[in-house]
Amino acid sequence: VQLVESGGGLVQAGGSLRLPCAASGMLFGANVMGWYRQAPGKQRELVADITSGVSTNYLDSVKGRFTISSDNAKNTVYLQMSSLKPEDTAVYYCNIKDVYGHIFWGQGTQVTISS
């Protein structure tokens with residue numbers, strides 16, 4: 001299974017970005033799909049996840065600014081990010097856990113927010 005993220009880049013504070021992540025290969029049903037991020041010198045943290053395409057969970061600092069959604073038929077998960085802040089700067093990683101508990105990671109996409 002391969003996860004391919006895209007959509008990262010450099011934007012000014014207050015701007016928006018949309019990160020899609022598409023899974024290919026023998027994925028036997030995506031159960032939980034999510035986005036993590038890791039800033040320099042910091043631990044990787046969960047930004048948002050969505051379970052069975054319905055139940056969502058967000059990091060407190062992104063609530064109201066980020067929205068996660070998924071298209072389970074296409075094994076694709078999206079992260080819409082708005083009102084971006086410099087502290088959102090990080091490498092963002094896509095993560096999928098299938099119905100058997102196998103976990104897959106994308107290669108990461110850099111998001112840089114300038115002040």
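Structure first, text after, so check above.
Residues numbered from 1 in each chain as written. Predicted model: local features only at pLDDT ≥ 70, side-chain atom pairs only at ≥ 80, totals over all residues. Heavy atoms only, no water.

1. A look at the overall build of the protein chain
Piece 1. What the protein chain contains, in helices and strands, is zero helices and eleven strands.
Piece 2. Starting at the N terminus, the α and β elements of the protein chain follow one another as β-β-β-β-β-β-β-β-β-β-β.
Piece 3. Taken against the 2.2 N^0.38 rule, which gives 13 Å for 115 residues, the C-alpha radius of gyration of the protein chain at 13 Å falls within 12% of a compact globule.
Piece 4. Principal axes of the C-alpha set define a box for the protein chain whose edges measure 40 × 25 × 25 Å.
Piece 5. Taken over 115 residues, the protein chain has a buried fraction of 40%.
Piece 6. As presented, the protein chain carries roughly 6000 Å² of accessible surface, and 50% of it is formed by carbon and sulfur atoms.
Piece 7. Here the protein chain contributes 9 positive and 8 negative side-chain charges, whose respective centroids are spaced 3 Å apart. (Helix = DSSP H or I, 4+ residues; strand = E, 2+ residues; numbered from the N terminus. Rg over C-alpha atoms; globule rule 2.2 N^0.38 Å. Buried < 20%, exposed > 50% of the residue type's maximum accessible area, 1.4 Å probe, protein only. Areas by Shrake-Rupley, 256 points an atom, 1.4 Å probe, with all protein chains shown as cover. Lys, Arg positive; Asp, Glu negative; His and termini not counted. Charge placed at Lys NZ, Arg CZ, Asp CG, Glu CD.)

2. Thoughts on the packing of aromatic side chains
Piece 1. Here the structure, examined in full by the defined rule, presents one aromatic pair.
Piece 2. Aromatic pair Y36 and W105: ring centres 5.0 Å apart, planes at 65°, arrangement edge-to-face. Highlighted residues: Y36 in strand 4 (residues 30–38) and W105 in strand 10 (residues 103–105), separated in sequence by 69 residues.
Piece 3. Overall, the relative accessible area of 22% leaves Y36 in the partly exposed class.
Piece 4. By relative accessible area, which is 38% here, W105 ends up partly exposed.
Piece 5. Here the basic side chain of R44 rests over the ring of W105, its NZ or CZ set 4.7 Å away from the ring centre. (Phe/Tyr/Trp six-rings, centres within 6.5 Å; stacked < 30°, edge-to-face > 60°. Lys NZ or Arg CZ within 6 Å of the ring centre and 35° of its normal.)

3. A short note on the environment of S115
Piece 1. Locating S115 in the fold gives a position in the segment after strand 11 (109–114).
Piece 2. For the pair S115 and V4, spaced 111 residues apart in sequence, the C-alpha separation works out to 28 Å.
Piece 3. Contact partners of S115, with chain neighbours within four places excluded, come to A13 and P86. (Contact = heavy atoms within 4.5 Å.)

4. Some thoughts on the environment of Q107
Piece 1. Its location among the elements puts Q107 in the loop between strand 10 and strand 11.
Piece 2. Remark: the alpha-carbon pair of Q107 and S6, spanning 101 residues in sequence, is separated by 9.9 Å.
Piece 3. Once residues within four sequence positions are removed from consideration, Q107 is found in contact with L3, V4, E5 and Y93.

5. What to know about the sheet that holds strand 7 (residues 66–71)
Piece 1. Spatially, four strands are ordered 1-3-8-7 in an open sheet, and the strand pairing comes out antiparallel. Sheet topology places strand 1 (2–5) and strand 7 at the edges, where each strand pairs with a single neighbour. Along the sheet, successive strands turn relative to each other by an average axial angle of 15°, direction set aside.
Piece 2. Across six bridges, strand 3 (residues 17–24) lies against strand 8 (residues 76–81) in antiparallel orientation. Counterpart to R18 in the pairing with strand 8 is Q80. (Pairing = 2+ DSSP bridges. Axes fitted to C-alpha atoms, helices over the stretch in contact; angles between N-to-C directions.)

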